[in-house]
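Listed here are the chains, written in short residue letters.
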Amino acid sequence: MSLRQYATTEELQELLDRETEGEKRELPENNLLENTLKLAISSEFTATNLEVYGYPDASPQCYFFVEYSDVQCPLIIVRNPLFGPDLSLLKEAIPLVVAKLSDLLAKHNTLLMSGDEATSDEFERHISSLPGTPFQTVPFLSSTGVFYMTQTQREQLLKEKLDAPEGFTFERADADRDAETIHRLWKTALDLEVTKNRLRFLPSACARTESGELAGWAMTSRIGEVTNLYVLPEYRNRGLGKALELSVAKQFASRGMRVLKYVETTNTAVYEGSLRSPLWTLWTTEGSDEEKSPMLHSLRKFKRFMNNTNFAIANGE
């Protein structure tokens, strides 16, 4: 069996329609798929390339979204079958996806991968066993809970009047004015140009003081989640974080798109606050309330470190 690639706008639209028809649309598994495909079909963000693969080719059940550019290493996002991770399928599909990326991996020597824990583990096993100089897992981001808004919660959000706290104003972040500060304080930032492009072309919100100073922000990425929420320490505990987050979320909801975010389990305040919020739902496994557990995801970074010999050759020594 082989991969099926969805390359044209018509193919992407067909995939979106099929995977989100009827009751399937509101499944949390399809949050990311819907937003990613809608952004791709709209062609509003062309700063990076996006390749979409399904496996197996005859009747795809799992999907791989690969984002990359000249300055951004490949980022692979996995949408598993709707019935949950299938390790036998993944063991067949992952080598095919990695083979497709051989030229990109040779250029960047770095790969990012996002998926549930079982999928991430399987990916790590394969990428670390490739011939030649091996890829190694480097610390990047801890396990995350995936929070999303149901249709009822999105409708409620659209009714909310989101005002900036007293002493602040909200506006779209300015790539030329704000990108360097945002990039410097973003712990998982990739490249400054990547940050600038996301601010230029994708939804964002920032808070400014009465004197115009940047106080906090929230933004998104090509996969359509609320991300990089940050408030400068001197402006915290004033309600800015929640208001900024919901401001970006509302931009997605108003366009008929899904709303989701990843929250590190170690970020106790935000994680527990999201659990208490009437506007967020935690993605959990199926079963009774006693059996359910968070469907944890991780963003892992794999890097190929050249040994001294390769380093010397690369530098003409």
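Quick note: structure is the one above.
Residues numbered from 1 in each chain as written. Predicted model: local features only at pLDDT ≥ 70, side-chain atom pairs only at ≥ 80, totals over all residues. Heavy atoms only, no water.

A few points about the packing of aromatic side chains
In total, this model carries 5 aromatic pairs according to the counting rule given. Aromatic pair Y6 and Y63: ring centres 6.2 Å apart, planes at 55 degrees, arrangement tilted. A residue pair is termed long-range when its members are at least 10 positions apart, and Y6 in strand 1 (residues 4-6) and Y63 in strand 3 (residues 62-68) qualify at 57 residues. In this structure Y6 comes out as buried when scored by relative accessible area, which is 3%. (Phe/Tyr/Trp six-rings, centres within 6.5 Å; stacked < 30°, edge-to-face > 60°. Helix = DSSP H or I, 4+ residues; strand = E, 2+ residues; numbered from the N terminus. Buried < 20%, exposed > 50% of the residue type's maximum accessible area, 1.4 Å probe, protein only.)

Description of the side chain of H126
Relative to the elements of secondary structure, H126 occurs in helix 5 (residues 117-127). The class of H126 is buried, set by a relative accessible area of 19%. If near-sequence neighbours (up to four positions away) are discounted, H126 is found in contact with I94, P95 and V98. (Contact = heavy atoms within 4.5 Å.)

Concerning unusual backbone geometry
Of note, the amide linkage connecting Y55 to P56 takes the cis form, showing an omega dihedral of -5 degrees. Relative to the helices and strands, P56 resides in the loop between strand 2 (49-55) and strand 3. Positive phi values are uncommon outside glycine, yet N228 reaches one of about 50 degrees. With respect to the secondary-structure elements, N228 resides in strand 11 (residues 226-231).

Thoughts on the pairing of strand 4 (residues 75-79)
Look at any regular strand and the pattern is simple: side chains alternate between the two faces of the sheet. When you tally the buried positions in strand 4, you get 5 out of 5 residues, the bulk of the element. Of the two faces of strand 4, both are covered, the one formed by L75, I77 and R79 as well as the one formed by I76 and V78. Here strand 3 hands over to strand 4 after 6 residues, the two strands then running antiparallel side by side. Relative to strand 5 (residues 110-116), strand 4 is paired through 3 bridges, and the arrangement is parallel. Along strand 5, the bridge assignment pairs L75 with L112. (Pairing = 2+ DSSP bridges.)

What about the packing of helix 1 (residues 9-19) against helix 2 (residues 31-42)?
Their axes nearest at 10 Å, the elements helix 1 and helix 2 cross at an angle of 155 degrees. If you check the angle between helix 1 and helix 2, you find them roughly antiparallel. The two elements helix 1 and helix 2 meet at a crossing, and its hand is left-handed. On the side of helix 1, the interface is formed by T9, L12, Q13, L15, L16 and E19, while helix 2 contributes L33, E34, L37, K38, A40 and I41. Taken together, the residues of the contact of helix 1 with helix 2 break down into 7 nonpolar, 2 polar and 3 charged. (Axes fitted to C-alpha atoms, helices over the stretch in contact; angles between N-to-C directions. Parallel < 35°, antiparallel > 145°, perpendicular 65-115°, else oblique. Left-handed = near helix turned anticlockwise from the far one by under 90°. Nonpolar A, V, L, I, M, F, W, Y, C, P; charged D, E, K, R; others polar.)

A look at helix 9 (residues 240-253)
If you check helix 9, its first and last C-alpha atoms are 20 Å apart, about what 14 residues at 1.5 Å a residue would give, namely 20 Å. Within helix 9, 10 of the 14 residues are buried, which leaves the element mostly enclosed by the surrounding structure. For helix 9, the full list of buried residues reads L240, A243, L244, E245, L246, S247, V248, A249, F252 and A253. (Expected span 1.5 Å × (residues − 1).)

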